[in-house]
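Residue-level structural notes
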Amino acid sequence: MMFSEFSTVFLYRILLSVIIFATDALVARKLGPSGKGYYYILLVSPQMLATLAAAGLDYSLNFFGHKEKERISVIFTTSLFLSFVIAFILCGMLSLDVAGSLSWFYRGIPKQQLFSVYLSIGVVFSELAFALTAMYAMTIGRVHRYSQMRIFRRTSVFVGTVATFYLLTFSRDQISQLMVVQLAAISCSILWCLHKCGYKMSRPNFSARMLFKEGLQAYPARVSESLVGIIGSLLLGIWGNGTQVGLFSIAIGISSLIRYVSDSLQTVLFSMDGRKNAGIHFQSVRFMFAFATLLVLGVGTISTFFIPIIFGSAFKGSVMLLWFILPGAVFYSVIDTISPYIVHRGLSRLISIGYLLGLGANVILNIFSIPAFGAAGVSVVYSISFALSCMVMVVGVARVEKVRVVDLVLLKVSDFEKMKNVFYRRFGYIQ
């Protein structure tokens, strides 16, 4: 990608962040903490199941799609078919469990929301298709279509949410209506993207063994990364209550937007500088650590005053939770910046080990912290999990490259001059 493409993606992500934030604020004000909490559980549960059902096939799609470009449609169709089979088995088992009584998975959801639970299970397939479609668009080089698909989805959700609260007032089950909106928005965005990318339906006859063999190599890291951010909220729904999940969801939502901005900035500034160069890449790690730290301090300070105003006074408790979560956003920014270099050096297992340790710590600590501290405990554990994952990766790279950990994460005086040159190159000036 050229710099102009990176810049466009950056602007798309900023716009996406604004849309997500506006939707979150509207839902919070209309549903209140408990309703927001139930809705959040119904949204993140399909994301977790879709990640499990993907079985690394999105990674395989990218890998084989670059090697066999003429068969990319066949590879995509095969990956989609195989992942749907896995999802069907998982969702079938879950549906049978829910049919008897709300399973442990949805234990925090009131029984009168049973229809919403079934809709949530249906969203699993949409989330799975969305993830694979996004990877398909990226693999064939349609970066703009990938970004536009995400904007299409979030804009449709926002419009549908507004319609639910202000136009479709005949039904009291607003959460079910919102889940229908999610299903429709995701499905339409997928169909739009596939049409714009020129996808043609083909038979799923690519080797399943090859796809699974390649995909399962990246599976542990992908699953662990996803679950570290999700599992806490699900456990809080099981052992806590909807109100606690609602307060937590606002804090984690703001934290996710910070991660979005940090990831976008490092993509624009450093992705063209050759991540094969250790010096340049370590400089980017130091810069993103400093930038993310300043960003979370600023966002945390502003949010202290504006969360009650934007989301409602009922969400004052989210302010404290946000401060507990913000360190995790800093550590995630470091992970996201250093991961490509780790992959290039052939140390992918370091990423898997880091995320697996973080996930293990997350589950174990939450078992003890949720009964005692509720949402506050989940928030602290969230940051601890990412801190542990980050420490494993940074220390591992430092040992391999024989450098000090502080030299990897703390800015140096010489970095400022180098950063100035990076900005000059990016924006068309010559230094």
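Note on numbering: residues in each chain are counted from 1, in written sequence order. Confidence filtering applies because this is a predicted model: local features only for residues at pLDDT of at least 70, side-chain atom pairs given and counted only at 80 or more, and all residues used for totals across whole chains, interfaces and linings. Each side-chain value is derived from all of the structure's non-hydrogen atoms; neither hydrogens nor water enter the calculation.

Time to look at the overall build of the protein. Looking only at helices and strands, the protein has 14 helices and 0 strands in total. Only DSSP runs of H or I covering at least 4 residues are called helices, and only runs of E covering at least 2 are called strands; the numbering of each starts at the N terminus. Secondary structure elements of the protein occur, N-terminal to C-terminal, as α-α-α-α-α-α-α-α-α-α-α-α-α-α. Buried means the residue's accessible area, taken with a 1.4 Å probe over protein chains only, is under 20% of the maximum for its type, while exposed means over 50%, and partly exposed covers the values in between. Buried residues in the protein amount to 53% of all 431 residues. Should any heavy atoms of two residues lie within 4.5 Å, those residues are considered in contact. Relative to all contacts within the protein whose residues are 6 or more apart in sequence, the contacts with residues 24 or more apart total 82%. Each accessible area value is a Shrake-Rupley result obtained with a 1.4 Å probe; residue values ignore everything except the protein chains displayed when judging cover. If you sum the accessible surface of the protein, you get close to 19,100 Å²; carbon and sulfur atoms cover 67% of it.

Locating Glu 127 in the fold gives a position in helix H4 (residues 114–139). A relative accessible area of 11% places Glu 127 in the buried class.

We define a salt bridge as a contact between a side-chain nitrogen of Lys or Arg and a carboxyl oxygen of Asp or Glu at a distance within 4 Å. Throughout the structure, instances matching the rule amount to 3 salt bridges. In this structure, Lys 36 engages Asp 24 in a salt bridge whose closest nitrogen and oxygen atoms are separated by 3.2 Å. A relative accessible area of 2% means that Lys 36 is categorised as buried. In this structure, the salt-bridge partner of Arg 153 is Glu 127, at a minimum N-O distance of 2.8 Å. Pair noted here: Arg 153 is in helix H5 (residues 143–166) and Glu 127 is in helix H4, with a separation of 26 residues, a long-range link. Of the two residues examined, Arg 153 and Glu 127, each falls in the buried class.

Moving on, we get to the packing of aromatic side chains. Classification of ring pairs uses Phe, Tyr and Trp, with its six-membered ring standing for Trp, and accepts pairs whose centres are within 6.5 Å; under 30 degrees between planes counts as stacked, over 60 as edge-to-face, and the remaining range as tilted. A complete count under the given rule lists 11 aromatic pairs for this structure. Ring plane angle 80° and centroid distance 5.5 Å describe the contact between Phe 21 and Phe 311, whose orientation is recorded as edge-to-face. A residue pair is termed long-range when its members are at least 10 positions apart, and Phe 21 in helix H1 (residues 3–54) and Phe 311 in helix H9 (residues 278–311) qualify at 290 residues. With a relative accessible area of 3%, Phe 311 lands in the buried category. Each ring is checked for a lysine NZ or an arginine CZ that lies within 6 Å of its centre and within 35 degrees of its normal; such an atom marks a charge sitting over the ring. The ring of Phe 130 is capped by Arg 153, whose NZ or CZ atom sits 4.7 Å from the centre of that ring.

A word on a nonpolar patch on the surface. Patch construction takes residues with relative accessible area above 30% that form no salt bridge. Like charges are linked within 9 Å, and nonpolar side chains (Val, Leu, Ile, Met, Phe, Trp, Tyr) are linked within 5 Å. Residues Phe 81, Val 85, Phe 88, Ile 89 and Met 93 make up a contiguous nonpolar surface patch of roughly 550 Å² in combined accessible area. With respect to the helices and strands, Val 85 occurs in helix H3 (residues 72–100). Val 85 sits in the partly exposed class, given a relative accessible area of 38%.

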